[in-house]
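Architecture and fold: a report
Each chain is listed here by its residues.
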Amino acid sequence: MSPRALSLLALHLHDGEHALVRDVSLTIRRGKVLGLVGTSGGGKSLTTLAILDLLPPGVKRVAGLVALDSQPVEPATLRGRIVGLVQQAPRGGFNPLVSIGRHFLETLACDGLRGAPAWEKMQGLLAEVGFERPAEIASLYPSQLSGGMLQRVMLALALARDPLFLLADEPTTDLDLVVQARLLDLLEALVQRRGIGLLLVTHDLSVIARLADTVAVMDQGRIVELQSAHNLFEDPAHPRAQALVAAHRALYA
Ligand SMILES: Nc1ncnc2c1ncn2[C@@H]1O[C@H](COP(=O)(O)OP(=O)(O)OP(=O)(O)O)[C@@H](O)[C@H]1O
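As a starting point, this report considers the structure included with it. Residue numbers restart at each chain and count upward from 1, following the sequence in its written direction. In view of the model being predicted, local features appear only for residues whose pLDDT reaches at least 70, and side-chain atom pairs are presented and counted only at 80 or more, with totals across whole chains, interfaces and linings using the full set of residues. No hydrogens and no water enter the side-chain calculation; it runs on all heavy atoms of the structure.

Working definition: helices are DSSP H or I runs of at least four residues, strands are E runs of at least two. Numbering for both runs from the N terminus. In terms of regular secondary structure, the chain is built from nine helices and ten strands. Radius of gyration: C-alpha atoms only; globule rule: 2.2 Å multiplied by the number of residues to the exponent 0.38. Computed over C-alpha atoms, the radius of gyration of the chain comes to 18 Å, within 12% of the 18 Å expected from 2.2 N^0.38 for 253 residues, which places it in the range of a compact globule. The dimensions of the chain, computed from C-alpha atoms along their principal axes, are 55 × 40 × 35 Å. The cut-offs for exposure are 20% and 50% of the maximum accessible area for each residue type, with area from a 1.4 Å probe on protein chains only; residues under the lower value are buried, those over the upper are exposed, and the others partly exposed. Among the 253 residues that make up the chain, the fraction classed as buried is 49%. Throughout, a residue-residue contact means that at least one pair of heavy atoms, one from each residue, lies within 4.5 Å. Within the chain, contacts between residues at least 6 apart in sequence are counted, and of these 68% link residues at least 24 apart. The Shrake-Rupley method, run with a 1.4 Å probe, gives the accessible areas here. Residue values count only the displayed protein chains as cover. Per element, the accessible surface of the chain, about 12,000 Å² overall, is 53% carbon and sulfur. Positive charge is attributed to Lys and Arg, negative charge to Asp and Glu, and no charge count is given to His or to the chain ends. Positions of charges follow a simple convention, taking NZ of Lys, CZ of Arg, CG of Asp or CD of Glu. Looking at charge distribution, the chain has the averaged site of its 24 positive side-chain charges lying 4 Å from that of its 25 negative ones.

Glancing now at the pairing of strand β4 (residues 60-68). One ladder, built from seven bridges, connects strand β1 (residues 5-14) with β4; its direction is antiparallel. Bridging from a neighbouring strand, leucine 9 pairs with leucine 65 of β4. For two strands to be treated as a pair, DSSP must find at least two bridges joining them. One ladder, built from three bridges, connects β4 with strand β5 (residues 71-73); its direction is antiparallel. Note on β5: the bridge partner recorded for leucine 68 is glutamine 71. Between the antiparallel neighbours β4 and β5 lie two residues, among them aspartate 69 with a positive phi of about 45°.

Axis lines are fitted through C-alpha atoms, for helices just across the contact stretch, and the angle between N-to-C directions can take any value from 0 to 180 degrees. Orientation of helix α5 (residues 147-158) relative to helix α6 (residues 177-194), taken along the N-to-C sense of each, is 15°, at an axis distance of 10 Å. Taken together, α5 and α6 sit at an angle that is classed as roughly parallel. Helix-helix and strand crossings are classified by hand; for α5 and α6 the assignment is right-handed. When α5 is examined against α6, the residues Gly148, Gln151, Arg152 and Leu155 are found in contact with a partner set consisting of Val179, Arg182, Leu183, Leu186, Leu187 and Leu190. Residue composition of the contact of α5 with α6, by class: six nonpolar, two polar and two charged. When an angle is under 35 degrees it counts as roughly parallel; over 145 it counts as roughly antiparallel; between 65 and 115 it counts as roughly perpendicular; any other value is oblique. Note on convention: the crossing is left-handed when the near helix lies turned anticlockwise from the far helix by less than a right angle, right-handed when the turn is clockwise. Gly is put with the polar residues, along with every residue not named as nonpolar or charged; the nonpolar set is Ala, Val, Leu, Ile, Met, Phe, Trp, Tyr, Cys and Pro, and the charged set is Asp, Glu, Lys and Arg.

To continue, consider α5. Along an α-helix, a turn takes 3.6 residues, which lines up residues three or four apart on a common side. Given a helix with a known number of residues, its expected span is that number minus one, times 1.5 Å. The end-to-end C-alpha distance of α5 is 16 Å, a good match for the 16 Å that twelve residues give at a rise of 1.5 Å each. Most of α5 is tucked away: ten of the twelve residues are buried. Here α5 has its buried residues at Gly148, Leu150, Gln151, Arg152, Val153, Met154, Leu155, Ala156, Leu157 and Ala158.

Below, the discussion takes up the site of the ligand. We call a residue near a given molecule or strand whenever any one of its heavy atoms falls within 4 Å of it. Every residue lining the ligand is accounted for by Leu20, Thr39, Ser40, Gly41, Gly42, Gly43, Lys44, Ser45, Leu46, Pro56 and Val59. Glycine 43 places a main-chain nitrogen or oxygen 2.9 Å from an oxygen atom of the ligand. The element best represented in the shell around the ligand is helix α1 (residues 44-51), accounting for three residues. Tallied by class, residues from the shell around the ligand come to four nonpolar, six polar and one charged. We call two N or O atoms a polar contact when they sit within 3.5 Å, provided that within protein one can donate a hydrogen and the other can accept it, with sequence-adjacent residues counted only if both atoms are side-chain atoms.

Spatially, the six strands line up as an open sheet ordered β6-β7-β8-β3-β9-β10, and their pairing is mixed. For this open sheet the edge positions go to β6 (83-86) and β10 (222-228), each flanked by a neighbour on one side alone. Put simply, the sheet's adjacent strands are angled 15° from each other on average, direction ignored. Sheet topology places β6 next to strand β7 (residues 165-169); four bridges connect them, and they run parallel. When the sheet's bridge partners are listed, valine 83 is paired in β7 with phenylalanine 165. In the packing of helix α9 (residues 239-252) onto the sheet, the strands contacted are β3 (33-38), β9 (214-219) and β10, and the crossing angle to β9 comes to about 110°.

Before going further, it helps to examine the nonpolar core. Judged by nonpolar contacts, the single largest core of 51 residues is most densely connected at Phe104, Leu126, Val153, Leu155 and Leu198. Sort the elements by how many residues they give to this core and α5 lands first, with seven residues. Once residues within four sequence positions are removed from consideration, leucine 155 is found in contact with Val86, Val129, Leu166, Leu183, Leu186, Leu187 and Leu190. Nonpolar core, defined: a set of buried Ala, Val, Leu, Ile, Met, Phe, Trp, Tyr and Cys residues in which side-chain atoms within 4.5 Å join the residues together.

A word on the packing of aromatic side chains. Planes of paired rings set the category: under 30 degrees apart is stacked, over 60 is edge-to-face and the rest tilted, where pairs are Phe, Tyr or Trp rings (Trp by its six-membered ring) whose centres lie within 6.5 Å. This structure, assessed with the given rule, holds zero aromatic pairs. The rule for a charge over a ring is simple: NZ of Lys or CZ of Arg within 6 Å of the ring centre, and within 35 degrees of the ring normal. We note arginine 152 situated over the ring of phenylalanine 131; from NZ or CZ to the ring centre the distance is 4.2 Å.

What follows covers the pattern of salt bridges. Take a side-chain nitrogen of Lys or Arg and a carboxyl oxygen of Asp or Glu: if they are within 4 Å of each other, that pair is a salt bridge. Under the criterion given, the structure shown has nine salt bridges. Across the pair arginine 161 and aspartate 111 runs a salt bridge, and its minimum N-O distance is 2.8 Å. Taken as a pair, arginine 161 in the loop between α5 and β7 and aspartate 111 in the loop between α2 (100-109) and α3 (115-128) lie far apart in primary sequence, 50 residues in all. Residue arginine 193 is joined to glutamate 128 by a salt bridge in which the shortest nitrogen-to-oxygen separation is 3.3 Å. Here the residue arginine 193 occupies a position in helix α6, and glutamate 128 occupies one in helix α3, the gap between them amounting to 65 residues. Three or more residues joined by partner-sharing salt bridges are found here, namely Lys121, Glu128, Asp162, Arg193 and Arg194.

Strand order across the open sheet formed by four strands is β2-β1-β4-β5, with antiparallel pairing between neighbours. At either end of the open sheet lies a strand with only one pairing partner, and these are β2 (19-29) and β5. Across this sheet, the average inter-strand angle for adjacent strands is 20°, counted without regard to direction.

See the structure below:
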């Protein structure tokens, strides 16, 4: 049976001088959205990257486990096939001299998919993220697409190997509100249609209000609050969570 839950257990990250992430445990469940919010520099991105063992040089995992349905796994083995990754500012995530189509073909070749079946799968993926003329998009180069289009292409690439879980780190930052709303609709549809478990990292509580089932609040490398999205807005317990909700209400109430 395919795994239902992806967990991070008691993660500690260190840069040699300071603890950056302390005792962080999280569980992402299939068909659900776990929001990860908090102050800038709180440790959200490093926590996300640790799930796939993609930490930057100088940052070490000194303790902690990644598990699928409570069975410990080697994080690097999850990349792409079990867990997809979508990051912010997609332009830097593409090779400018390589067409969109070739980006897909290289990813699909990881699973031995080539030729006509690969083209067919690529067109299906591009259609799934809302492109009406997938073949045309595949022929373009990254510089010929807008930021919002590239973000959708990145999402389609993250789905190329049919992952069960998706890690999305600030996927809507830098997009205009209309494009943001479209991307959030798309993520919600993927969770429902494919039964993907989504970790959604954001500093924007309106994104959380729109999509998350459960929310973890991070502050200075620790999770200081973990509860349902509804309760976070109604009754935030930790001062950091209270400050985030108050700031959100001041902006949007
Ligand atoms: N390569 C690195 N080497 C050393 N320290 C790092 C490195 N990358 C990040 N850090 C530090 O680790 C801490 C957590 O950073 P991280 O990027 O995970 O925070 P974040 O919550 O994602 O912030 P933001 O919302 O601004 O993206 C910060 O103090 C940051 O300065």
